[in-house]
Amino acid sequence: MAIAHVYTVAFQGIEAREVDVQVHIARGHPTFTIVGLADKAVGESRERVHAAMSAIGLALPPDRIIVNLAPADLPKEGSHYDLPVALAILAAMGVLPVREMAGYVALGELSLDATLTPVAGVLPAALAASEAGRGLICPAASGSEAAWAGKIEIIAAPSLIALVNHIKGAQVLRAPVPKLAEETGVIPDLKDVKGQETAKRALEIAAAGGHNMLMIGPPGAGKSMLASRLPGLLPPLDAREALEISMIQSLAGELRDGAISRRRPFRAPHHSASMPALVGGGVRVKPGEVSLAHNGVLFLDELPEFQRGVLDSLRQPVESGEAVVARANAHVRYPARFQLVAAMNPCRCGYLADAAQACGRAPKCGADYQGRLSGPLLDRIDIHVEVASVSAQDLALPPPAEGTAAVAERVAQARDIQRRRYEGLSPRTNAEVEGELLDQVATPEPAGAKLLTEAASAMRLTARGYHRVLKVARTIADLAGCATVARIHVAEALSYRRVVYVR
C-alpha cells in the first residue's frame, strides 16, 4: 500500500480553498477512481493522466488506484486538477519524493502528449500557497502570473517530463518573473468632443469622485464618445487595486500571458447580456461584467434596452461593492466596486425634445421608454446629465484647447486629496463614503446646508439621494481645492440630480 499527498485549490468566488489530493495505491482489481464531489471535467482527468503517463514512458501500476479530493463535501470543478492528480500518483509510485511533494500546491491541465496548458486562477492559487507556506507548481505559460504572489518557490514547467526531471535534479527550470502588460492603443482624448461643456464637467466630477453617471440625449449627441474618454481621466491602478482586478481576471481566464495591467478596466457589455453575464453565475459561477469592471468603469449603452431584471440585479453590487451569487450549496462572492456610466435616448426614436424631428407619440413614447428603468436604480446613480445635440456650427469650430491631460491632472489632484483624507480607512473615493464619516467630511456650511434641506424637500429626494448629493458636493469642493463644502458646491451637485426628461 502507498499513500501520497499533493495540494491544490478549489475556487469559491475569489477565494481559493485548499484541497488535499490523496492517492492510495493497493493490490486489487486494476481500477482508477476519483472521489470527493468531482465534476465531469475532474472525472475526465483519469484519461488525460493515463495518456500523459504513457507519453513520458511510464505505465500506471496494475493495482487499485483511488484519488480522494479532500474535503469531500467541497465541490471540485475544472481541469486544473490534472497536474496534482498526476504528481500524487507519481509520488505514490515512488517516482517522486512523497514528503517533498506534500509541500506544494499544484494546478495545471495535461495534454495527451504530457505538455502543461495554462488554467484559470493561478494568481489566487499562488497567493493561497503563499499564505499556507507552500510552493507552487504550475504551467510555464502561467509562471509570470504566479510570480506576483511574492517570495514563494514557483516551479513553472512546460511539460510533465520537464517537471519530473526538475524535481529529481536532472534538469533546472528557471524561476518565472512578474510581467507587466504592454499598454497598446491610443487613449481617446477629450479634445475630440466639441461642445457639451456641461457633460464634460459632469464627466470630470464623476472621474474625480468615482461617482456613477447617467447621460441622456438624442442619438449622435456624443454620449458614447464621452464615456469612452472616462478611462483616460482616471489615475492608474495602484498595487493593491491591480492585484485585486488581476485575481478576478485570472479566475475568468482573461489574464493574457500572465501579465498584469496598470490600466483601469473599461467594460461595455451589449444590451442583450443576460443576468449571469452581467453579475456573474452560470454552472461554474464565473465572475460577471460587474466584477471584471472592479476598480474600473462599467459602461451600459442604451440602458433601457437591457432586460428589466438584469438592470435591477445591479442594485446590490452598486450599493455594496460586491456581487453575491446564491446557490443551493454555497454563496459565491466577487468584488464589484465599479463605476457605473450609462447612456440612453429620451425615447425609443430618440428625438423626444427635438422640435425639428418631433416624436409622433410624445409624451407617451418617452414615458414608456424611461419607465423601463426602476426608481431605485436611478436613485443609485449620483450624476444625471442631459446631453443635447451638437449644432453644425459647433462641429465646425476648432478642437477645444483643454484635453484629457489637463482634466486628468485636476482629477489626480482631487483623488490625492481623497487618498490622504481616507488613509487607513476602507473608502478610497468620496463615492464610497457612508454614515458618520460622510457627515464628518461632507457637511456643508450653514448656507449650503439650508439650500440642501430646501431642495431635498422640493425635489422629494430620498435619504439615499440626499447623501449622494453630499458626496458629489464633496467632490466638487475637492476639485476646487476647498476644505469645506460651500453653497456653490451644493448647488452644482443638486443640478446633477434626476431631471424630468418626459416633455
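In what follows, the accompanying structure is described. (Residues numbered from 1 in each chain as written. Predicted model: local features only at pLDDT ≥ 70, side-chain atom pairs only at ≥ 80, totals over all residues. Heavy atoms only, no water.)

Take the nonpolar core next. In terms of nonpolar packing, the biggest core is built from 49 residues, with Met-213, Met-215, Leu-230, Ile-383 and Leu-494 touching the most fellow members. When residues no more than four places from it in sequence are discounted, the contact partners of Leu-230 are Leu-203, Ala-207, Val-297, Gln-339 and Val-341. (Core = buried A, V, L, I, M, F, W, Y, C linked by side-chain atoms within 4.5 Å. Buried < 20%, exposed > 50% of the residue type's maximum accessible area, 1.4 Å probe, protein only. Contact = heavy atoms within 4.5 Å.)

Attention now moves to the pairing of strand β8 (residues 135-139). Within β8, five of the five residues are buried, which leaves it mostly tucked inside the rest of the structure. In this sheet, β8 lies alongside strand β5 (residues 104-106) in parallel orientation, the contact comprising three bridges. Bridging from a neighbouring strand, Tyr-104 pairs with Gly-135 of β8. As judged from the four bridges shared by β8 and strand β9 (residues 154-157), these two strands associate in the parallel manner. (Helix = DSSP H or I, 4+ residues; strand = E, 2+ residues; numbered from the N terminus. Pairing = 2+ DSSP bridges.)

Approximately 910 Å³ is the volume attributed to the largest pocket. If you go around the largest pocket, you meet 31 residues; those closest to its centre are Glu-183, Ser-261, Arg-263, Arg-264 and Pro-265. Elements represented by at least two residues in the lining of the largest pocket include exactly α10 (230-233), α11 (239-251) and β13 (266-267). For the lining of the largest pocket, the element with the highest residue contribution is α11, accounting for three residues. (1 Å grid on protein atoms, 1.4 Å probe; cavity = no way out; pocket = protein on both sides within 12 Å on 5 of 7 lines; lining within 4 Å. Points joined across faces, edges and corners; volume = space filled by probe spheres on them.)

Working definition: an aromatic ring pair is given by the centre-to-centre distance plus the angle between the planes. On inspection of all chains with the given rule, the structure shows one aromatic pair. Here Arg-134 stacks its cationic end above the ring of Tyr-7, 3.8 Å away from the centre of that ring. (Phe/Tyr/Trp six-rings, centres within 6.5 Å; stacked < 30°, edge-to-face > 60°. Lys NZ or Arg CZ within 6 Å of the ring centre and 35° of its normal.)

Another point: the packing of helix α20 (residues 435-442) against helix α22 (residues 463-479). Put simply, α20 and α22 touch, their axes get as near as 10 Å, and they point 45° apart. Put simply, α20 runs oblique to α22. Regarding α20 and α22, the two cross each other, and that crossing is left-handed. Counted together, Leu-438, Val-441 and Ala-442 of α20 and His-467, Leu-470, Lys-471 and Arg-474 of α22 form the full contact between these two elements. Each residue belonging to the contact of α20 with α22 can be placed in one class, and the counts come to four nonpolar, one polar and two charged. (Axes fitted to C-alpha atoms, helices over the stretch in contact; angles between N-to-C directions. Parallel < 35°, antiparallel > 145°, perpendicular 65-115°, else oblique. Left-handed = near helix turned anticlockwise from the far one by under 90°. Nonpolar A, V, L, I, M, F, W, Y, C, P; charged D, E, K, R; others polar.)

The next point concerns helix α2 (residues 45-55). When we look at burial in α2, the residues that qualify are Ser-45, Arg-48, Val-49, Ala-52 and Met-53. Buried residues in α2, looked at end-on, bunch into an arc of 135°, giving them a common side. Turning to α2, the residues buried within the fold contact β3 (31-35), α1 (40-43), α3 (82-93), β6 (109-110) and α7 (160-168). Two residues or fewer past α2, Gly-57 is found with a positive phi of approximately 85°. (Arc of directions from axis to C-beta.)

With that settled, consider the sheet that holds strand β18 (residues 383-386). In spatial order, the strands read β13-β14-β17-β11-β18; together these five strands make up an open sheet with parallel pairing. Each edge of the open sheet is held by one strand with a lone partner, namely β13 and β18. Bridge count between β13 and strand β14 (residues 297-300): two bridges; the pairing is parallel. Across the sheet, Phe-266 pairs through a bridge with Val-297, a residue of β14.

The next point concerns the packing of helix α8 (residues 197-209) against helix α19 (residues 404-421). Interhelical geometry of α8 versus α19 gives an angle of 35° and a closest axis separation of 8 Å. Like other packed secondary-structure pairs, α8 and α19 cross with a definite hand, here right-handed. Residues Glu-204, Ala-207, Ala-208 and Gly-209 of α8 form the contact with α19, whose participating residues are Val-407, Arg-410, Val-411, Ala-414, Arg-415 and Gln-418. Partitioning the contact of α8 with α19 into residue classes produces five nonpolar, two polar and three charged.

Along the chain, His-211 falls in the loop between α8 and β11 (213-216). Polar side-chain contacts of His-211 include one of 2.6 Å to the side chain of Thr-475. Leaving out residues up to four positions away in the same chain, His-211 has contacts with Ile-205, Ala-206, Gln-339, Leu-340, Asp-382, Ile-383, Asn-430, Ala-431, Lys-471, Val-472 and Thr-475. (Polar contact = N/O pair within 3.5 Å; in protein donor to acceptor, adjacent residues only side chain to side chain.)

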